[in-house]
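Examination of the molecular architecture
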Amino acid sequence: MLYLTTIKHSYIKAVQTAFGIELNENDVLINETRKEFDGDYTFVIFPLVKTLGKSPEDIGKTLGEWLVTNDENIIGHNTIKGFLNLTLSFQFWTETIKSISKVSNYGISAPNGKKVMVEFASPNTNKPLHLGHIRNILLGWSCSKILQANGYEVIKTQVINDRGIAICKSMLAWQKFGNDATPTSTQIKGDHFVGEYYVRFEQELMKEYNEFQSSAEGIAIYDGLKKEGQDQTTFFKEYKNKYFNDHSALGAEAKQMLLKWEAKDADTVALWQKMNQWVYDGFDVTYDKLGVTFDSLYYESDTYLLGKKAVDIGIKKGVFYQEPDGSVWVNLEDVGMDRKIVMRSDGTSVYITQDIGTAQQRYADYGIDKMVYTVADEQDYHFKVLFEILKRLDEPFADGLYHLSYGMIDLPTGKMKSREGTVVDADDLIAEVIAEATEMSAERGEIVTLTEAEQINTLRKIGLGALKYFIIKVQPKKRMIFDPKESVDMQGQTGPYIQNAYVRIQSIIRKAGSEASSDAYLYVDINEQEKTLIKHIMNFPDIVKEAGEQYDPSSIANYSYALAKDFHRFYHDVRILNAETSEAKSFRIQLSIIVGDVLSKAFDMLGIEMPERM
RNA sequence: GGCGCCGUAGCUCAACUGGAUAGAGUACCUGACUACGAAUCAGGCGGUUGAAGGUUCGAAUCCUUCCGGUGUCACCA
């Protein structure tokens, strides 16, 4: 808040001159004056009351008088309880707008020379993306944009979980039941196509498992292992994993396939590559619709063996220790965590070992200063452990690690459960919001003047604007309830509401034509609506900074709404193009241009596009 | 059970990180298009901030204890 710091400094000076107390900038609290009181900005002077032993009214009066005399921007003051309210001159407002209009990249920081890698999306290749991925992607993408706006060089990446037992299940089912069908031959999007075989595998497995449960062997196991009073259904639900590993024929085949893959068997690898490629082609379509791209990709098939070297080094450094059976552990009990295995007794690595190795690899690849992992909060503990280990290994990037943790999404009906078929598919959802936007737009008939291609693009922007805003306005760490009906709302606190403010501004700009606005800053009759807008515009750089420090796009989302709301009110109450004087007109056009600019920058940071008309 | 996160209007979310009488949207009523685009604006209704204590000029925010929800505690990822 460049423009407010001058006021702050005046206040510090006032306190120093009047009372001989040295304050530094962080001790001073300045707020916008609440509507019900007289003034523009307010200092809280309670802290001084205590140290000075004077009444708040006396202190406020002394400071207020000093400020009015010594700062030309301040033209009035009053003190209520411990609050010193100040009124600013009209020049302050016009000068503020003047200087903001001259800044080329208002709210955006210059490059700071630091690199940050942001990881998000990170799907498995055995099924399509769903609503949970969308929250993840929006958060990761938005944080990337926000960090960029804060001066960082950002490298967007994802880990693609392209190996393991899950994809083998899809592969096996396709081999057995696919009859050489392909996404092309069936006209099914590749990720959905492969996902269907994953589901098919689970169905076949359940068929097999059900037979097993009524077989003599199954009954014997139930009788032998059941807990006191446990019924058969509950028992077999819990036993499923063990069944898959120890009894299932299909399970054995899938595991066999995984072993063949690990042994680099040519046919298996070829099948794996073919099916994964189908999935990637499908993902690309979804990413494209969401408007996201990546600068770098890490495939788990390349990284799953990384980290073994780190284990050796860790042992030498005394960070890890080896058990007699050969397994390797780290003990984090002194910092309130547990013992954690980092290498199995058979010498294979576990998940966290891969993560250690991958982090080191990324540092080697890019020399990054910071790394942000966008991963749901169910892995909070995992990342606590990972970061602690990297710290103990003295990794140079260890202080720059951040887990962008976010709450899972619930539906109004409860949790999303793939087994119960309540998972909201990403592609379906996107299609739905665009369809809704199309319907809403048809009622209005505004965009018919556009070409067919422009219409499609506009409807996509509006539909996705609604969806994205709905998700990103909630603070990341909070669990959110996703009501499909509300997500396509386009009125009230929604993406389209804010887009509409921008569109109105563009309409004004189109109509204002090339009329120069040199007299804009001669305007003297600043009104409340204009002041409110200017105050909010002044906050923008701070909001961007805070969003970057907190890794919190929701603050930008809420800010955008507040600004759009102020603009809508301004637009409604105040005449712009046919204003009462030419200075007023010029000033209001200039003000509108800045609001539009800030809104579009803010939305860009949220990953939401602005339509020119709607 | 241990540890973590979350409880704010009927519902979905805010609250400038400890500041004035806790704000928006939605839903439900009521008004405003012969003024720059009504995806808009204005008004009404709606609260013991899960509960009880504590800290201080001042608490939704910090501390303690409960209650509810959720996650995690694998030689799974």
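Residues numbered from 1 in each chain as written. Chains lettered and ligands numbered in written order. Predicted model: local features only at pLDDT ≥ 70, side-chain atom pairs only at ≥ 80, totals over all residues. Heavy atoms only, no water.

This brings us to the packing of aromatic side chains. If you walk through the whole model with that rule in mind, you get 35 aromatic pairs. Summarising the aromatic geometry, the rings of Tyr11 and Phe43 are spaced 3.9 Å apart at their centres and angled 5° between planes, so their arrangement reads as stacked. A residue pair is termed long-range when its members are at least 10 positions apart, and Tyr11 in helix H1 (residues 2–19) and Phe43 in strand E2 (residues 41–44) qualify at 32 residues. Judged by its relative accessible area of 2%, Tyr11 is buried. Here Phe43 falls in the buried class, since its relative accessible area comes to 1%. One aromatic cluster in this structure is built from Tyr209, Phe212, Tyr222, Phe235, Phe236, Tyr239 and Tyr243. Against the face of Phe244 rests Lys169, its NZ or CZ located 4.8 Å from the ring centre. Sitting over the ring of Trp329, Arg339 keeps its end group 4.4 Å from the ring centre. (Phe/Tyr/Trp six-rings, centres within 6.5 Å; stacked < 30°, edge-to-face > 60°. Helix = DSSP H or I, 4+ residues; strand = E, 2+ residues; numbered from the N terminus. Buried < 20%, exposed > 50% of the residue type's maximum accessible area, 1.4 Å probe, protein only. Lys NZ or Arg CZ within 6 Å of the ring centre and 35° of its normal.)

Another point: the protein's contact with RNA strand B. By nearness alone, 62 residues border RNA strand B, and Asp325, Arg344, Lys415, Lys477 and Tyr497 come closest of all. Tyr351 is positioned with one of its backbone polar atoms (N or O) 3.1 Å from a phosphate oxygen of RNA strand B. Contacts to RNA strand B include His572, whose side-chain N or O atom sits 3.0 Å from a sugar or linking oxygen. The leading source of residues in the surface near RNA strand B is helix H20 (residues 495–512), at 7 residues. Residue composition of the surface near RNA strand B, by class: 23 nonpolar, 16 polar and 23 charged. (Near = heavy atom within 4 Å. Polar contact = N/O pair within 3.5 Å; in protein donor to acceptor, adjacent residues only side chain to side chain. Nonpolar A, V, L, I, M, F, W, Y, C, P; charged D, E, K, R; others polar.)

This part covers the domain arrangement of chain A. How big an interface is tends to be reported as the loss of accessible area on association of its parts. Taken domain by domain, chain A comprises domain 1 (2–88) and domain 2 (115–197 + 265–411). Centre-to-centre, using C-alpha coordinates, domain 1 lies 52 Å away from domain 2. (Domains from an automatic or database assignment.)

A few words on the sheet that holds strand E12 (residues 401–406). The pairing of strands in a sheet comes from backbone hydrogen bonds and takes either a parallel or an antiparallel form. A sheet is described by the order of its strands in space; here 5 strands give the open sequence E7-E6-E5-E11-E12, paired in parallel fashion. Among the strands making up the open sheet, the edge pair consists of strand E7 (296–299) and E12. Shown here is a sheet whose adjacent strand axes are inclined to one another by a mean of 25°, direction ignored. Sheet analysis places strand E6 (residues 153–160) next to E7, joined by 4 bridges and oriented parallel. (Pairing = 2+ DSSP bridges. Axes fitted to C-alpha atoms, helices over the stretch in contact; angles between N-to-C directions.)

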